[in-house]
Protein chains: 4
Amino acid sequence: MTYQHKVQYYETDRMGITHHSNYIRFMEEARGEWMASMGMSYDTFEALGLSSPVLSVQCEYKHPTTYNDIIDIDIYLLKLSRLKLHVGYKMTCRGTLVCTGESSHCFLDSGGRPVSLQRSYPDVYAAYERYQSAQGEF
Amino acid sequence: MTYQHKVQYYETDRMGITHHSNYIRFMEEARGEWMASMGMSYDTFEALGLSSPVLSVQCEYKHPTTYNDIIDIDIYLLKLSRLKLHVGYKMTCRGTLVCTGESSHCFLDSGGRPVSLQRSYPDVYAAYERYQSAQGEF
Amino acid sequence: MTYQHKVQYYETDRMGITHHSNYIRFMEEARGEWMASMGMSYDTFEALGLSSPVLSVQCEYKHPTTYNDIIDIDIYLLKLSRLKLHVGYKMTCRGTLVCTGESSHCFLDSGGRPVSLQRSYPDVYAAYERYQSAQGEF
Amino acid sequence: MTYQHKVQYYETDRMGITHHSNYIRFMEEARGEWMASMGMSYDTFEALGLSSPVLSVQCEYKHPTTYNDIIDIDIYLLKLSRLKLHVGYKMTCRGTLVCTGESSHCFLDSGGRPVSLQRSYPDVYAAYERYQSAQGEF
């Protein structure tokens, strides 16, 4: 899936470029749309009393972007296990690689206990598996 | 009460100055410390099942600030009524007025019904009254 | 002009709703698109060595919004003078009024001196005039 | 060096906790104070026409924090070379590890060419060396 984010003025900093912390937010934006397209939006997760906390993030900044730039964010499912999701992000702007990122996530019930996506939501798990087998190289 | 905020790099924008939206956040920071000093922190409000939504805000920008500037925020209780709080903010940096702001707030119980601070928390209400009578001119 | 903003997870707060400071940012987003549609984008302003600082903002919060809500932002030109622009914003979500806002702006050259839009960029000024006479009631 | 950040309400999200993207900002805050204590603040860097872009960041989230929590951020100089700085961050709250982070940085002149801190600013380089040899285990 490719998600687009247009850089806002309030996302730039005194160096004249998009502040590095915002790419972490762009990753969340893209991930939200992607999870919804897998059959279970983050909204639905929460309505079911589940949460999906972020365990880790990382970004490598390759090229700056600035106000009004449109960033294309491609999402990769790097690893899918019963309890965890490891996601990759390739961000480009007019064809130039600007940032690569990764994030990992788990699923928790309302009591904070790990939830197996595969057992509890097999259709959603299957959608992730199909996405993984159809995607290109990260 | 005077609260200090040191401007962070991520709060600046491409114009080289503190982005205007952040002053609304500095007002919230100052207000949080001030409400705690009145005997009832925002944390406590929430622990009691209450909330204090923002009804309105306004800012007039007088002079820009930038990274590492220390902004002194003076808080004024502009109007106190049974159901509402109207707060004023005078922000200076090295003695220069940089921004004036105002915000208004009410108090709601867990069902979203208005709560009279004066009736339910008379001590807190009295602290606000004392603050108001002791403060200078806005 | 109507601009749409989809509320992101990182724009919500512990109260479960869109943090009030973000509406100031939504106003900037909408204003940027609108100014571009008037014939002179903020990018172009800066490329010409001009800037358009925010002089004041205000918001009245009417109804909360939250993650994934789509906010429709209608822009009104409240007042146009040689040196200043006063803009109004009406924000609705699924037809419900959620926030009204206003902001005022001037135009400065690279030396910080006021620029008359009417004299220096009469076509842009005329576009604003046409917008104003065609718009509905704020 | 230990830097303290008090979590603000606008830094929390709908999950009731500090939004994960903000820890990247806390790292920048701590790094700014630390660089100033090494003899060359980020302000000075910029005044000299230099910049120090962020090359990469990463965070592992260990435990949530929320509004009013005070986060202690310990800074480690993980690797110092002629052209790069690799920094580690250990964040605790009331003694509990909440997040570990890393970031790497280079130094560029006004033309975007790499600057050797060791050659151009030997005193600053020496201060970093002393910090590194005096610090504990990351």
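Being a predicted model, the structure only gives us computed values, none of them experimental.

### Focus: helix α1 (residues 22–37) of chain B
Look at α1 of chain B: 23 Å from first C-alpha to last across 16 residues, which is about the 22 Å you get at 1.5 Å a residue. Counting buried residues along α1 of chain B, 13 of its 16 residues qualify, which places the element largely inside the surrounding structure.

### Description of the relation of the copies chain D and chain A
Rotating chain D by 180° about the axis while translating it 0.0 Å along that axis superimposes it on chain A, leaving an RMSD of 0.0 Å. In the structure described here, the two chain copies are related by an operation that fits a two-fold rotation axis. Minimal C-alpha distance to the rotation axis in chain D is attained by Gln 58 of chain D, lying at 2.0 Å. Mapped onto chain A, 100% of the interface residues of chain D again fall at the interface, so both copies present the same surface.

### Brief notes about the pairing of strand β3 (residues 70–80) of chain B
One face of the sheet, then the other: side chains in a regular strand alternate in exactly this way. Residues and elements named next belong to chain B. Relative to β3, strand β1 (residues 2–6) is paired through five bridges, and the arrangement is antiparallel. Paired with His 5 across the two strands is Ile 71, which belongs to β3. Across eight bridges, the pairing between β3 and strand β4 (residues 84–93) is antiparallel. Note on β4: the bridge partner recorded for Asp 72 is Thr 92. Between β3 and the antiparallel strand that follows it, β4, lie three residues.

### A closer look at empty space enclosed by the protein
The method is simple in principle: a probe with the dimensions of a water molecule rolls over the atoms, and the space it marks as empty is what remains. In the structure shown here, the tally under the stated rule is four cavities of 30 Å³ or more. In this model, the largest cavity occupies a volume close to 100 Å³. Lining the largest cavity are Tyr 10, Glu 11, Thr 12, His 19, Asn 22, Arg 25 and Phe 26 of chain A, Tyr 10 of chain B, Tyr 10 and Arg 25 of chain C together with Arg 25 of chain D. It is helix α1 (residues 21–37) of chain A that provides the largest number of residues to the lining of the largest cavity, a total of three residues. For the lining of the largest cavity, the class distribution of residues is four nonpolar, three polar and four charged. What the second largest cavity holds in volume is close to 70 Å³. Lining the second largest cavity are Tyr 3, Glu 28, Glu 29, Gly 32 and Glu 33 of chain B together with Lys 6, Val 7, Gln 8, Tyr 9, Tyr 67 and Asn 68 of chain D. Counting residues per element, the lining of the second largest cavity draws most heavily on α1 of chain B, which supplies four residues.

### Things to note about the interface of chain D and chain A
If you look at the interface, chain D gives 22 residues, while chain A gives 22 residues. In total, about 1900 Å² of surface goes out of reach between chain D and chain A, with carbon and sulfur atoms giving 50% of it. The shortest N-O distance in the salt bridge between Arg 14 of chain A and Asp 43 of chain D comes to 3.1 Å. Applying the counting criterion to the chain D and chain A interface returns 14 residue pairs in polar contact (both at pLDDT 80 or more). Those elements giving two or more residues to the side of chain D that touches chain A turn out to be α1 (22–37), α2 (42–47) and β2 (54–61) of chain D. The element that contributes the greatest number of residues to the side of chain D that touches chain A is β2 of chain D, accounting for eight residues. A per-class count over the side of chain D that touches chain A returns eight nonpolar, seven polar and seven charged. Strand direction decides the pairing type here: strand β2 (residues 54–61) of chain A and β2 of chain D, joined by five bridges, are antiparallel. Looking at the pairing, Cys 59 of chain A lines up with Val 57 of chain D of β2 of chain D.

### Some points on the relation of the copies chain C and chain B
Rotating chain C by 180° and moving it 0.0 Å along the rotation axis overlays it on chain B with an RMSD of 0.0 Å. Both copies present the same face, since 100% of the interface residues in chain C are matched by interface residues at the equivalent positions in chain B.

### Topic: the interface of chain C and chain B
Across the contact, 22 residues belong to chain C and 22 residues belong to chain B. When the two sides are added together, the surface that chain C and chain B hide from each other amounts to roughly 1900 Å², 50% of it contributed by carbon and sulfur. It is Met 15, His 20 and Arg 25 of chain C that lose the most area in chain C upon contact with chain B, and together they represent 25% of the buried surface on that side. Counting across the chain C and chain B interface gives four salt bridges.

### Some thoughts on the sheet that holds strand β3 (residues 70–80) of chain C
Pairing in this open sheet of ten strands is antiparallel, and the strands run β1(B)-β3(B)-β4(B)-β5(B)-β2(B)-β2(C)-β5(C)-β4(C)-β3(C)-β1(C) from one edge to the other. With one partner strand each, in any of the chains shown, β1 of chain B together with β1 (2–6) of chain C form the two edges of the open sheet. Pairwise comparison of adjacent strand axes, ignoring direction, gives a mean angle of 20° for this sheet. Lying on the sheet, α1 of chain B is in contact with β1, β2 (54–61), β3, β4 and β5 (96–106) of chain B; it crosses β3 of chain B at an angle near 65°. Helix-sheet contacts for helix α4 (residues 122–134) of chain B involve β3 and β4 of chain B, and the interaxial angle to β3 of chain B is about 110°.

### Points about the packing of aromatic side chains
What characterises a pair of aromatic rings is the spacing of the ring centres plus the angle enclosed by the ring planes. Counted by the stated rule, this structure contains 40 aromatic pairs over all chains. Arranged with centres 5.2 Å apart and planes meeting at 75°, the rings of Tyr 9 of chain B and Tyr 67 of chain B form a pair that is edge-to-face. With Tyr 9 of chain B in the loop between β1 and α1 and Tyr 67 of chain B in the loop between β2 and β3, the pair connects residues that are 58 residues apart, well separated along the chain. Aromatic side chains Tyr 67 of chain B and Tyr 42 of chain D sit 6.4 Å apart centroid to centroid with 80° between the ring planes, which places their arrangement in the edge-to-face category.

### Points about the pattern of salt bridges
Two side chains of opposite charge can pair, provided their charged atoms sit close to one another. This structure, assessed with the given rule, holds 24 salt bridges over all chains. Close ionic contact of Arg 14 of chain C with Glu 46 of chain B constitutes a salt bridge, the shortest N to O distance being 2.5 Å. In this pair, Arg 14 of chain C sits in the loop between β1 and α1 (22–37) while Glu 46 of chain B sits in helix α2 (residues 42–47), so the two residues belong to two different chains. For Glu 46 of chain B, a relative accessible area of 23% corresponds to the partly exposed category. What you see here is one network of salt bridges that share partners, running through Arg 14 of chain A together with Asp 43 and Glu 46 of chain D.

Thresholds applied
Residues numbered from 1 in each chain as written. Chains lettered and ligands numbered in written order. Predicted model: local features only at pLDDT ≥ 70, side-chain atom pairs only at ≥ 80, totals over all residues. Heavy atoms only, no water. Helix = DSSP H or I, 4+ residues; strand = E, 2+ residues; numbered from the N terminus. Expected span 1.5 Å × (residues − 1). Buried < 20%, exposed > 50% of the residue type's maximum accessible area, 1.4 Å probe, protein only. Least-squares fit on C-alpha atoms with pLDDT ≥ 70 in both. Contact = heavy atoms within 4.5 Å. Pairing = 2+ DSSP bridges. 1 Å grid on protein atoms, 1.4 Å probe; cavity = no way out; pocket = protein on both sides within 12 Å on 5 of 7 lines; lining within 4 Å. Points joined across faces, edges and corners; volume = space filled by probe spheres on them. Nonpolar A, V, L, I, M, F, W, Y, C, P; charged D, E, K, R; others polar. Buried area = accessible area lost by both parts, 1.4 Å probe. Salt bridge = Lys/Arg side-chain N within 4 Å of Asp/Glu carboxyl O. Polar contact = N/O pair within 3.5 Å; in protein donor to acceptor, adjacent residues only side chain to side chain. Axes fitted to C-alpha atoms, helices over the stretch in contact; angles between N-to-C directions. Phe/Tyr/Trp six-rings, centres within 6.5 Å; stacked < 30°, edge-to-face > 60°.

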